[in-house]
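Inside the fold
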Amino acid sequence: MKLNRTYLFWALWAFLTLFVAAIGARALYVSGDRTAFLPGETTGVHHQFEVACETCHTSPDFSDASKITKDLNKTCVTCHKEELKASNDSHPIKKFKNPRMAAYWEKIDARFCTSCHLEHQPEETLPGMVTLAGDFCVACHSEGEQDVRQNRESHADLGYETCASAGCHNFHDNRALYEDFLVKHGNEDWLHPEPKIAAAALARNRPRSGEDEISMYLASLDAIESARDADIEHDWAATVHAANEVGCASCHASEAETAEQIDEQWIAAPTEAVCIDCHRAASQTFALGRHGMRRHPEIAKPRKAKSALKAIGIKNPPETLVSAIETYLDDPAPPAMMSTSEARVSLHPEAMGQDVTCTTCHNPHSENVNFTAVEACLTCHNDDHSLSYKSSPHFALWSAELAGDGPAGSGVTCATCHMPQTEKGGKVLTNHNQNDTLRPNEKMIRATCMSCHGLGFAIDALADPALIANNFSGQPMRHIESIDWALKRVEQPATDANQ
Amino acid sequence: MYSKFGKLKAAVLGGALALGAMQPATAEEGLDYQTVSDLLHLVMSSDRTVYTRMIVNRLAVQEKVITASEHFEDDKALVLPAQMFRFGSEMVAEETDAFSYSLLSLWPINKQNAPTTPLEIEGLEYIAENIGENFYGTEELGGQEYFTAVYPDIAVAEACSKCHNEHKDSPRTDFEGGDVMGGVVIRIPMD
């Protein structure tokens, strides 16, 4: 009977193996949670949508490697395209597609984002999601015509690990760092004579409603009786919303046209959809930043059981199978909003569990620029830089402006630098992508710093981690020599090798 | 419209061009690589000359109403003729692999426009030494065989030689009107 028992064990082993394989294959190819298959922690903020694998992995199953690479790289630019375009990319893909660059493809194939930015590689990922060694510039800029040590006398003894780490160069965005820009702004003082942010000044100087206009507005309110509140109404009447004839029903019963309909359709707490109806530009930039990226339209929706079955060859799946899968094997989707509990930056413990939405920072019934631009941020953020803000010179300027002691636009809030404003056709737009001026932080130089500071000071300050941590209380302790070298080269052009 | 362009083959393009031109070839016969390349170059060099003479040289050098600058956005200036040409070539690269082109020189201001392949060096040297002649050859790049043509790029206006002679990054400062300053390289992958 020994033989029979062996067969039984073999059969049991085969059954269990197939069973486990089937569960895995089901999750991979049909429906269900796939986090067990994540090959490594996703980098940076990509964790916000990592359960939606199809956001990046769009190739059909069993595609060949070159198709997978191409498809994967297409998905990077669905979200990062505008940013790269705005950055005046120094190494755009289109530049490397020409076959004359074939020799460079062997070194670093810059036709593909994934040559430098590999996902799921937490152990070897550097800042900027770079997965190459930090001296990657050496691959192309150390030989022949491209040899920077030959082209720039000042660079003769520099190590390639310093190119992109010392505040001098970035692979993509060099808008504030290119040589002629350094020369043009090379002799500026650390602070301009009348430092202020022009767009912010324009916003603060907007005409406000007077008491007469407020009383007139209050007389024509369209709120339902049960929702009336004198304080809220008075707050609201003074807002730009009210001045632009946005009333209670515009948000609380946005589809209603008559008083009866307002009564019927009244919603106590409208969702952000009503904000987005008008504030499209803000909502688009919000979806590009860390706070709002879960709203990005390119994040893949959960898999549909029917099409998943079709993809594995079951052409006409029985309805019962489809509904059974949908009932018992729901495909997970990232939540619609980012919650503070999931953040990977340092936040106050008491701020946990909040969804980030428009009203997290914007009080719905009144405008309180100090709350929106400072206090809302500090409610959650708990890192050295945030905690040091209120002892910084920037905060002192903001306090002075709030108190009426400083001119409009002279105060520097969290939002001044992290959500910079621009003027377009007399209107002030706020960039709601809080990450747009970061990573690398030199993106901030032209967008905000240079409104008040000279280029040299801005470069030095942003290259000094200790100064960033204490929120710019003091002068930079580091000096980046790029401007000195650029000026020297213009003043003594004959010393260079290629002259 | 551009997606059709993506499938462009030398023979098809040749046929289309031949319909309204004096070329005796028919769509069925197709055109050889050299003819296609010559025709492409004719369009490129004509547009390039028009932009250089009628826009940049006229407005920036003769009438002095606006400058031309490589940092055209920051300086609110005209795009340089070489940049105009390169932007066009990059746009083509985004749309199709059926052909590619670039503007190169043995004396490039921007080092990325120095020759990178042995045939580019040979071609640029040939057109600089044999005035008025083009250079044709084949080369293998990234596992693909290419027909490669190099056409002389001439200083067609004062703006060309003036800027190249005065630029701080220019390796050569003695250009004169009519000089060969570089070459247009056109590549067509061979079947």
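Residues numbered from 1 in each chain as written. Chains lettered and ligands numbered in written order. Predicted model: local features only at pLDDT ≥ 70, side-chain atom pairs only at ≥ 80, totals over all residues.

1. Some points on the overall build of chain A
When you go through chain A residue by residue, the secondary structure sums to 25 helices and two strands. Summarising its shape, the C-alpha atoms of chain A cover approximately 95 × 80 × 40 Å along the three principal directions. Buried positions account for 23% of the 499 residues belonging to chain A. Sequence separation of 24 or more characterises 60% of the internal contacts of chain A that already satisfy a separation of 6 or more. (Helix = DSSP H or I, 4+ residues; strand = E, 2+ residues; numbered from the N terminus. Buried ≥ 20, exposed ≤ 12 C-beta atoms within 10 Å, placed from the backbone. Contact = placed C-beta atoms within 7 Å.)

2. Quick look at the overall build of chain B
Secondary structure summary: chain B contains six helices and four strands in total. Along its sequence from the N terminus, chain B presents helices and strands in the succession α-α-α-α-β-α-β-β-α-β. Of all 191 residues assigned to chain B, the portion counted as buried reaches 33%. When contacts within chain B are restricted to residue pairs at least 6 apart in sequence, those whose partners lie at least 24 apart make up 53%.

3. Comments concerning helix 18 (residues 369-380) of chain A
All names here are of chain A. For helix 18, with 12 residues, the first-to-last C-alpha span of 17 Å sits near the 16 Å given by 1.5 Å per residue. Within helix 18 the residues assigned to the buried category are Ala 373, Val 374, Ala 376 and Cys 380. Buried-residue contacts for helix 18 involve helix 17 (358-361), helix 20 (393-402) and helix 21 (414-418). (Expected span 1.5 Å × (residues − 1).)

4. Topic: the confidence of the model for chain B
Looking at chain B as a whole, the pLDDT averages 87, with 85% of positions reaching at least 70. Here residues 1-27 of chain B scores under 50 on pLDDT; set against residues more than four positions off or in separate chains, the count is 34 contacts. (pLDDT = per-residue confidence, 0-100.)

5. Digging into unusual backbone geometry
All names here are of chain A. That bond from Arg 439 to Pro 440 is cis: its omega, -10°, falls within 30 degrees of zero. As for its position among the elements, Pro 440 is in the loop between strand 2 (427-430) and helix 22 (443-452). Not every positive phi belongs to a glycine, and Glu 245 is a case in point at roughly 60°. Tracing the backbone through its elements, the reader meets Glu 245 in the loop between helix 10 (240-243) and helix 11 (248-252). The residue Arg 439 is not glycine, and still its phi comes out positive at about 50°. With respect to the element layout, Arg 439 can be found in the loop between strand 2 and helix 22.

6. Describing the interface of chain B and chain A
With 20 residues of chain B in contact, the opposing surface of chain A contributes 18 residues. The greatest single-element share of the side of chain B that touches chain A, amounting to three residues, is contributed by helix 4 (residues 81-95) of chain B. By residue class, the composition of the side of chain B that touches chain A is five nonpolar, seven polar and eight charged. (Nonpolar A, V, L, I, M, F, W, Y, C, P; charged D, E, K, R; others polar.)

7. A few points about the nonpolar core
Counting residues in hydrophobic clusters, the biggest one holds 36 residues, and the most contacted among them are Val 150, Val 184, Ile 186 and Ile 188 of chain B. Those elements giving two or more residues to this core turn out to be helix 3 (33-62), helix 4, strand 1 (100-104), helix 5 (118-129), strand 2 (135-141), strand 3 (144-154), helix 6 (158-166) and strand 4 (180-189) of chain B. Excluding its chain neighbours within four sequence positions, the residues that come into contact with Val 184 of chain B are His 41, Met 44, Ser 45, Tyr 101, Leu 103, Tyr 151 and Asp 153 of chain B. By size, the runner-up hydrophobic cluster in this structure holds 19 residues, among which are Cys 163, Cys 168, Leu 177 and Ala 461 of chain A. (Core = buried A, V, L, I, M, F, W, Y, C linked by C-beta atoms within 7 Å.)

8. Notes on the domain arrangement of chain A
Entries for chain A in the domain assignment read domain 1 (2-30), domain 2 (65-174) and domain 3 (198-275 + 342-469). Put simply, the middle of domain 1 of chain A and the middle of domain 2 of chain A, counted by C-alpha atoms, are 47 Å apart. (Domains from an automatic or database assignment.)

9. Digging into the sheet that holds strand 1 of chain B
Residue and element names in this part refer to chain B. Across the sheet, four strands lie side by side as 1-4-3-2; this open sheet has antiparallel pairing. Single-partner strands in this sheet number two, and they are strand 1 and strand 2. Taking each pair of neighbouring strands and ignoring which way they run, the sheet shows an average axis angle of 25°. Strand direction decides the pairing type here: strand 2 and strand 3, joined by seven bridges, are antiparallel. Each bridged residue has a counterpart across the sheet, and for Gly 137 the counterpart in strand 3 is Thr 148. (Pairing = 2+ DSSP bridges. Axes fitted to C-alpha atoms, helices over the stretch in contact; angles between N-to-C directions.)

10. A closer look at the pairing of strand 2 of chain A
Along any regular strand the residues' side chains alternate between the sheet's two faces. All names here are of chain A. Examined bridge by bridge, strand 1 (residues 421-424) and strand 2 share four bridges and lie antiparallel to one another. Bridge pairing links Lys 424 to Lys 427 in strand 2. Hairpin geometry of strand 1 and strand 2 is characterised by an intervening segment of two residues between the two adjacent antiparallel strands and by a positive phi of about 55° at Gly 425.

11. A closer look at helix 3 of chain B
Residue and element names in this part refer to chain B. Helix geometry: helix 3 is bent most strongly at Val 56, by close to 40°. If you check which residues of helix 3 are buried, you get Tyr 33, Val 36, Ser 37, Leu 40, Met 44, Arg 48, Thr 52, Val 56, Asn 57 and Ala 60. Just past helix 3, the residue Lys 64 takes up positive phi, approximately 50°. (Bend = angle between axes of the 7 residues up to and from the residue.)

12. A look at the packing of helix 3 of chain B against helix 4 of chain B
Residue and element names in this part refer to chain B. The N-to-C vectors of helix 3 and helix 4 enclose an angle of 140°; their axes lie 9 Å apart at closest approach. By the angle between their axes, helix 3 is oblique relative to helix 4. Considering how the two elements wind past one another, helix 3 and helix 4 form a crossing that is right-handed. Here Arg 48, Tyr 51, Thr 52 and Val 56 of helix 3 lie close against helix 4, whose contacting residues are Pro 81, Met 84 and Phe 85. (Parallel < 35°, antiparallel > 145°, perpendicular 65-115°, else oblique. Left-handed = near helix turned anticlockwise from the far one by under 90°.)

13. Observations regarding the confidence of the model for chain A
Mean pLDDT for chain A: 92, with 98% of residues reaching 70 or above. Across chain A, element-level confidence peaks in helix 19 (residues 384-388) of chain A with a mean pLDDT of 98 and bottoms out in helix 8 (residues 211-219) of chain A with 84.

14. Observations concerning the environment of Ala 336 of chain A
Along the chain, the position of Ala 336 of chain A falls in the loop between helix 16 (319-328) and helix 17. Sequence-wise, Ala 336 of chain A and Ser 254 of chain A are 82 residues apart; in three dimensions their C-alpha atoms are separated by 22 Å.

15. Describing the environment of Tyr 160 of chain A
Residue and element names in this part refer to chain A. Mapped onto the elements, Tyr 160 comes out in the loop between helix 5 (148-151) and helix 6 (179-184). Given 19 C-beta atoms within a 10 Å radius, Tyr 160 is considered partly exposed. With 23 residues separating them in the primary sequence, Tyr 160 and Cys 137 have C-alpha atoms 6.3 Å apart. Among residues more than four places away in sequence, those in contact with Tyr 160 are Asp 135, Cys 137, Val 138 and Ser 142.

16. Describing the packing of helix 22 of chain A against helix 23 (residues 455-462) of chain A
Residue and element names in this part refer to chain A. The geometry of helix 22 relative to helix 23 is characterised by a closest axis approach of 10 Å and an angle of 125° between their N-to-C directions. Taken as axis vectors, helix 22 and helix 23 run oblique relative to one another. Crossing geometry of helix 22 relative to helix 23 is assigned as right-handed. Contacts between helix 22 and helix 23 pair Met 444, Ile 445, Cys 449 and Met 450 from the former with Leu 455, Ala 458, Ile 459 and Leu 462 from the latter.

17. Examining the environment of Thr 75 of chain A
All names here are of chain A. Mapping Thr 75 onto the fold places it in helix 2 (residues 65-86). In the structure, Thr 75 is positioned 224 residues away from Ile 299 in sequence and 10.0 Å away in space, judged by C-alpha atoms. Setting aside residues up to four positions removed in sequence, Thr 75 forms contacts with Thr 55, Cys 56 and Thr 58.

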